[in-house]
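Secondary and tertiary structure notes
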Amino acid sequence: MARAYLSRVAEPYPAALAAFVKEVGPVEAAARVRSGEISPTVASQTSARRAEERAEADLATIAKLGGRLVVPEDEEWPRWPLLALENIAALRCGGEPLALWVRGPHFLADVVDKAVAIVGSRASTAYGEHVAAEFAYGLALTGTTVVSGAAYGIDGAAHRGALHAGGMTIAVLACGADTAYPGGHQGLLAKIALEGLIVSEYAPGVMPARHRFLTRNRLIAALGGGTVVVEAGRRSGAKNTAAITLALGRQLMVVPGPVTSASSVGCHELLRDGRAVSVSSIAEVVESIGRFGDDLATQPAEKESDLGTPQGEAMRVYEALGKRRGLSAEVVSVESGVPLERVRALLPELELAGLALRLDEGWQKLEPG
């Protein structure tokens, strides 16, 4: 109830309120926001709506649609994907949401365990929509969740591709989870609510606005283990999602397009600047965002162990680790030549794969068994 109230009272992302909630807890924070016993910074984010006592009504609205409010105190909360947002909150794209309004029959924390975001231009070409749908279809067949924003163009093609494969897709909205936006995707969103998940940090009834799309993009990037940009113009909103993906230390992938296509100018800029890797097949996407040893594009016979060996940047980070002592992420970054934020994202993955050990002084290499 407290988080439902706070979710409506403050416009995402409310940094001061989020810090206040962490300090005193959501119940105490909600009570003090109502009474006005808060700091000027928290008041600036809540005073306009603090009288909006609609928590019960909002919860009833989402429940009628078969949905629920997922909060950080729940087991369903995707802790690991969203925790990374706290490290980039200073970039003004926002940190971990206060709560998430969710529609759909699946357990959110489970379906984002293996996920990839597919984003791109609304003004897409037939080529871009074909690639987005084919990639999403193929990824869904591998058990990968496809995350996107339900917009016209590339987003819609990605959602449809995953659904056609009978797979899992998540639509992250820049409005209330009860609102079908854009209107032309009403049928698509209804299908996603039945077979996938609709996710929003905005309370029911909240209408879309330009700034809300930019805030929403950080959730798309965070819920995916990596992001594939299929088409993006020079000023495309997909480039905003791409920038957040990089800040999170996640893998950014780009599908090259015709050099004559204005819809692929943004993609080619990301490639030229060395900020993204080029992908041209589903296997390359799976390898980029997958777990070590499970999702390599190489044939099983080429693996050196049951876990397999890391590839690309992960291999460079692994080789830079010390065998007899722990090394800090900063030292590993210098030794491997991999950006520090990417090193910090890869080290826990190596630990989960049994290839690295976290010590008090840093990270140590483990040989595959």
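Below you will find a few notes about this structure. On a predicted model such as this, the values are computed, not experimentally measured, just so you know. (Residues numbered from 1 in each chain as written. Predicted model: local features only at pLDDT ≥ 70, side-chain atom pairs only at ≥ 80, totals over all residues. Heavy atoms only, no water.)

So, about the packing of helix α15 (residues 312–320) against helix α17 (residues 340–352). The geometry of α15 relative to α17 is characterised by a closest axis approach of 10 Å and an angle of 80 degrees between their N-to-C directions. With respect to α17, the axis of α15 lies roughly perpendicular. Touching Glu 313, Ala 314, Val 317 and Tyr 318 of α15 are Arg 342, Val 343, Leu 346, Leu 347 and Leu 350, all from α17. Counted by class, the contact of α15 with α17 contains 7 nonpolar, no polar and 2 charged residues. (Axes fitted to C-alpha atoms, helices over the stretch in contact; angles between N-to-C directions. Helix = DSSP H or I, 4+ residues; strand = E, 2+ residues; numbered from the N terminus. Parallel < 35°, antiparallel > 145°, perpendicular 65-115°, else oblique. Contact = heavy atoms within 4.5 Å. Nonpolar A, V, L, I, M, F, W, Y, C, P; charged D, E, K, R; others polar.)

This brings us to the sheet that holds strand β5 (residues 169–172). Across the sheet, 9 strands lie side by side as β1-β2-β6-β5-β4-β3-β7-β8-β9; this open sheet has mixed pairing. Unpaired on one side and paired on the other, β1 (67–70) and β9 (277–278) mark the two borders of the sheet. Judged from the 3 bridges that link them, strand β2 (residues 100–103) and strand β6 (residues 197–200) form a sheet pairing that is antiparallel. Its bridge partner lying in β6, Arg 103 is registered against Ile 198. Sitting on the sheet, helix α14 (residues 282–289) touches β3 (115–119), β7 (226–229), β8 (251–254) and β9, and the angle it makes with β8 is about 165 degrees. (Pairing = 2+ DSSP bridges.)

Our next topic: the environment of Leu 188. Counting through the fold element by element, Leu 188 comes out in helix α10 (residues 186–195). Judged by its relative accessible area of 10%, Leu 188 falls in the buried class. Beyond its immediate stretch of four places on either side in the chain, Leu 188 contacts Gly 156, His 159, Arg 160 and Leu 163. (Buried < 20%, exposed > 50% of the residue type's maximum accessible area, 1.4 Å probe, protein only.)

Turning our attention to helix α2 (residues 15–24). Residues of α2 that are buried: Ala 16, Leu 17, Ala 18, Phe 20 and Val 21. Those residues of α2 that are buried lie in contact with α1 (2–9), α3 (26–35) and α4 (40–46). Positioned one or two residues after α2, Gly 25 has a phi angle of 90 degrees, which is positive.

With that settled, consider the side chain of Glu 269. Its place among the elements puts Glu 269 in helix α13 (residues 265–272). Excluding anything up to four places from it in sequence, Glu 269 contacts Arg 234, Lys 239 and Arg 275.

With respect to the helices and strands, Gly 66 occurs in the loop between α5 (55–64) and β1. A relative accessible area of 49% places Gly 66 in the partly exposed class. Spatially, the C-alpha atoms of Gly 66 and Ala 193 are 8.6 Å apart, while their sequence positions differ by 127 residues.

Another aspect to go through is the pattern of salt bridges. Per the counting criterion, the structure on display carries 15 salt bridges. In this structure, Glu 11 and Arg 212 form a salt bridge, with 2.7 Å as the shortest nitrogen-oxygen distance. Separated by 201 residues along the polypeptide, Glu 11 in the loop between α1 and α2 and Arg 212 in helix α11 (residues 210–223) bring together distant segments of the chain. Its relative accessible area of 22% is what places Glu 11 among the partly exposed residues. Arg 54 is paired through a salt bridge with Glu 52; the nearest N and O atoms lie 3.3 Å apart. Residue Arg 54 is classed as partly exposed on the basis of its relative accessible area, which comes to 38%. Given a relative accessible area of 32%, Glu 52 falls into the partly exposed group. (Salt bridge = Lys/Arg side-chain N within 4 Å of Asp/Glu carboxyl O.)

Further remarks concern the nonpolar core. Among the nonpolar cores identified, the biggest contains 38 residues, and Leu 6, Leu 17 and Val 33 are the most heavily contacted of them. Ranked by size, the runner-up nonpolar core spans 37 residues in total, among them Ala 117, Ile 170, Val 254 and Leu 270. (Core = buried A, V, L, I, M, F, W, Y, C linked by side-chain atoms within 4.5 Å.)

Here the residue pair Pro 12 and Tyr 13 is connected by a cis peptide bond, since its omega of 0 degrees sits within 30 degrees of zero. The residue Tyr 13 is located in the loop between α1 and α2 in this model. Tyr 181 connects to Pro 182 through a cis peptide bond whose omega is 0 degrees. As for its position among the elements, Pro 182 is in the loop between β5 and α10. Residues other than glycine seldom take positive phi values, yet Ala 150 does so here, at roughly 65 degrees.

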